[in-house]
Amino acid sequence: MKRIAFTTAATLAFAANAAYAETEITWWHAMGGALGDTVNQIASDFNASQDEYKITPVFKGTYEETLTAGIAAFRAGEQPNVMQVFDAGAATVIGAKGATIPVQDLLADNGVDFDINDYIAGVRYFYADSDGKMIGMPFNSSTPIMYYNIQALEKAGVTAPKTWEEFQTVTAPALKEAGYTALSQSHLPWIFTENFHSRHNLPFATNNNGYDSVDTQILVNNDAIKAHFTAVTDWQENGHFEWFGTGWGDNQTPFEEGKVAMWLGSSGSFGGLSKKDLPFDFSATMLPYWEGVTKEPTQTFIGGASLFAMAGHDAEENKATAAFFDFLTSSEVQYFWHKETGYVPITEAAYEMAKADGHYDRAPAAEVGIQQLSLPGGDNTKGYRMGFYVQIRDVMNREYGRILTGETSVEDAFNAIEAEANNLLARFAKTQG
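Residues numbered from 1 in each chain as written. Predicted model: local features only at pLDDT ≥ 70, side-chain atom pairs only at ≥ 80, totals over all residues. Heavy atoms only, no water.

Caption draft 1: Quick look at the overall build of the chain. Across its full length, the chain carries 19 helices and ten strands. Along the three orthogonal principal directions, the C-alpha set of the chain runs to about 95 × 50 × 35 Å. Taken over 433 residues, the chain has a buried fraction of 55%. Partitioning the contacts of the chain with sequence separation of at least 6, the portion at a separation of at least 24 is 76%. When the accessible surface of the chain is summed, it comes to about 18,000 Å², and 50% of that surface belongs to carbon and sulfur atoms. Each charge class in the chain was averaged separately, 28 positive and 54 negative side chains, and the resulting centres sit 4 Å apart. (Helix = DSSP H or I, 4+ residues; strand = E, 2+ residues; numbered from the N terminus. Buried < 20%, exposed > 50% of the residue type's maximum accessible area, 1.4 Å probe, protein only. Contact = heavy atoms within 4.5 Å. Areas by Shrake-Rupley, 256 points an atom, 1.4 Å probe, with all protein chains shown as cover. Lys, Arg positive; Asp, Glu negative; His and termini not counted. Charge placed at Lys NZ, Arg CZ, Asp CG, Glu CD.)

Written as structure tokens, this is what we have:
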């Protein structure tokens, strides 16, 4: 009898503990270094904020490596609950039938209030479907802006240019005379292609920039962007622009060293730049535009990555994921992420909190990306949705490198990009049948 009583008590104790056990979920991400430390802090803060759920962040390498690992895991039925997917890979994940739970549905099904209008304008629809339903939760969101060396511009007697016409006729020649290369940039497909189209409200692909159908063709081979790249080659020949390679740091480092006066990079780079011992003071302004293309420049859209809720998990784990997303999008957490990293706060409430706290009085450059994302939009400013876009970017990088090393003409390069990109898009469309 005593043995039976002991067994029964142990069973009841185990059942009681199980009833109060935390629901555990996993978060695969691509944030290394200091960004990874901040991700870990957010996860720790979430775990400490309540006792029902526990999230474990797992670093999976680069964006590409994380996407590849996530696809393989999904096929094996071992997918994480939350996966970070970068902008160029979004179509792959969204197009994989049954792979994700739309974040808007996940939150609504678990009693979390959701209004897409709570998010800043340039963030709302990049990871949404053609009907405007948010599929992925924007996370490390950024947009390209122009950083500049304050002392260099003062020495040259110029201000940061608002237009490319001003850059090539006034700013760049003065900076060259003062001993500087005027400009470098760190991502030709993102800055000089994708956001070139958004800044000028130009269509980037058919079918509503790819949102409405996978039977899509790219529209990159147009007069406006070819004129831009022709100008870029002229700037390079005149010593006003330099391309140091496809690596992000290849083009950022000369700016940090004071050799290049202005650098086009991510608004998310603000945090890292602020923590470096630069030999000059820096600030930032919006991405220039061609006045000859538009008199009313529009907002850019985001880069970076979003978080997708992966399907195939039970209701309790999905509830935990919804609770984490609710925590992540709170004003306090978004402001913390914004201050620590430089990525934009994704909600209007978090933006208002940063303003009320005087963050932009202390660091005006930290606000530029949000201001640019909050400009008036247009038909072509919410983003793009194209399959195999990682490979399309590779084609762009190859051809842009050939332009800037004199191996091909602008016309031939864009013909090649158009042909190869459309072949890739056609192949992707077949996988979605």
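Once you've had a look at it, read on.
Caption draft 2: Region of interest: helix α13 (residues 315-328). Along its 14 residues, α13 runs 20 Å from first to last C-alpha, staying within 8% of the 20 Å computed at 1.5 Å per residue. Taken together, the buried positions of α13 are Glu317, Asn318, Ala320, Thr321, Ala322, Phe324, Phe325, Phe327 and Leu328. Where α13 begins, one side-chain oxygen reaches toward the backbone nitrogen of Glu316, 3.2 Å away; that side chain belongs to Asp314. (Expected span 1.5 Å × (residues − 1). Polar contact = N/O pair within 3.5 Å; in protein donor to acceptor, adjacent residues only side chain to side chain.)

Caption draft 3: View of the layout of surface pockets. For the largest pocket, the calculated volume is near 970 Å³. In terms of lining, the largest pocket is formed by 37 residues, of which the most central are Leu35, Tyr63, Trp248, Ser266 and Tyr343. When contributions to the lining of the largest pocket are tallied by element, the ones reaching two or more residues are α2 (33-49), α3 (63-75), α11 (248-256), α12 (270-274), β10 (303-310), α14 (331-341) and α18 (389-404). Across the lining of the largest pocket, the residue classes break down as twelve nonpolar, 19 polar and six charged. Size it by volume and the second largest pocket reaches roughly 420 Å³. Together, 20 residues line the second largest pocket, and Leu67, Ile71, Arg75, Thr92 and Val93 are the ones closest to its centre. Contributing elements (two or more residues each) for the lining of the second largest pocket: α3, α4 (90-95), α18 and α19 (410-431). The biggest single contributor to the lining of the second largest pocket is α3, with seven residues. When grouped by side-chain class, the residues that make up the lining of the second largest pocket number eleven nonpolar, seven polar and two charged. (1 Å grid on protein atoms, 1.4 Å probe; cavity = no way out; pocket = protein on both sides within 12 Å on 5 of 7 lines; lining within 4 Å. Points joined across faces, edges and corners; volume = space filled by probe spheres on them. Nonpolar A, V, L, I, M, F, W, Y, C, P; charged D, E, K, R; others polar.)

Caption draft 4: Structural view of the side chain of Lys226. With respect to the element layout, Lys226 can be found in helix α10 (residues 223-237). Residues within four places of Lys226 in sequence aside, it is in contact with Asn221, Val410, Glu411 and Phe414.

Caption draft 5: View of the packing of α10 against α18. Between α10 and α18, whose axes approach to 10 Å, the crossing angle comes to 45°. Considering their axes alone, α10 and α18 lie oblique with respect to each other. Judged by residue contacts, Ile225, Phe229, Val232, Thr233 and Gln236 of α10 engage Tyr400, Ile403 and Leu404 from α18. Partitioning the contact of α10 with α18 into residue classes produces six nonpolar, two polar and no charged. (Axes fitted to C-alpha atoms, helices over the stretch in contact; angles between N-to-C directions. Parallel < 35°, antiparallel > 145°, perpendicular 65-115°, else oblique.)

Caption draft 6: Looking closely at the nonpolar core. In terms of nonpolar packing, the biggest core is built from 132 residues, with Leu175, Leu183, Met262 and Phe325 touching the most fellow members. With residues up to four places along the chain from it excluded, the contact list for Met262 reads Met146, Tyr147, Tyr148, Leu153, Pro161, Phe167, Thr171, Leu175, Ala182, Leu183, Ser184 and Phe255. (Core = buried A, V, L, I, M, F, W, Y, C linked by side-chain atoms within 4.5 Å.)

Caption draft 7: Representation of α19 within the structure. Between its terminal C-alpha atoms α19 stretches 32 Å, which fits the 32 Å expected from 22 residues at 1.5 Å a residue. Buried residues of α19: Val410, Ala413, Phe414, Ala416, Ile417, Ala421, Asn422, Leu424, Leu425 and Phe428, and no others. In this fold, the buried residues of α19 make contact with α4, α10 and α18.

Caption draft 8: Highlighting the confidence of the model for the chain. Residue-level pLDDT values for the chain average 94, and 95% of them are 70 or greater. In the predicted structure, residues 1-7 sits below a pLDDT of 50 and forms zero contacts with residues beyond four places in sequence or in another chain. Of the regions scoring below 50 in pLDDT, residues 9-16 engages in zero contacts with residues more than four places distant in sequence or in other chains. (pLDDT = per-residue confidence, 0-100.)

Caption draft 9: Geometry of the side chain of Ser283. Looking at the secondary structure, you find Ser283 in strand β9 (residues 282-285). On the basis of relative accessible area, Ser283 is assigned to the buried category, the value being 15%. Sequence-distant contacts of Ser283, defined by excluding residues within four places in its chain, comprise Met146, Tyr147, Tyr148, Ile150 and Ala365.

Caption draft 10: Summary view of the sheet that holds strand β7 (residues 181-185). One open sheet holds the four strands; their spatial order is β7-β8-β6-β9, and the pairing between them is mixed. The sheet terminates laterally at β7 and β9, the two strands that pair on one side only. In this sheet, adjacent strand axes meet at a mean angle of 25° when their direction is disregarded. With four bridges connecting them, β7 and strand β8 (residues 260-266) associate as parallel partners. Paired with Leu183 across the two strands is Met262, which belongs to β8. Contacting β6 (144-149), β7 and β8, helix α8 (residues 188-199) crosses the sheet at an angle of about 80° to β8. (Pairing = 2+ DSSP bridges.)

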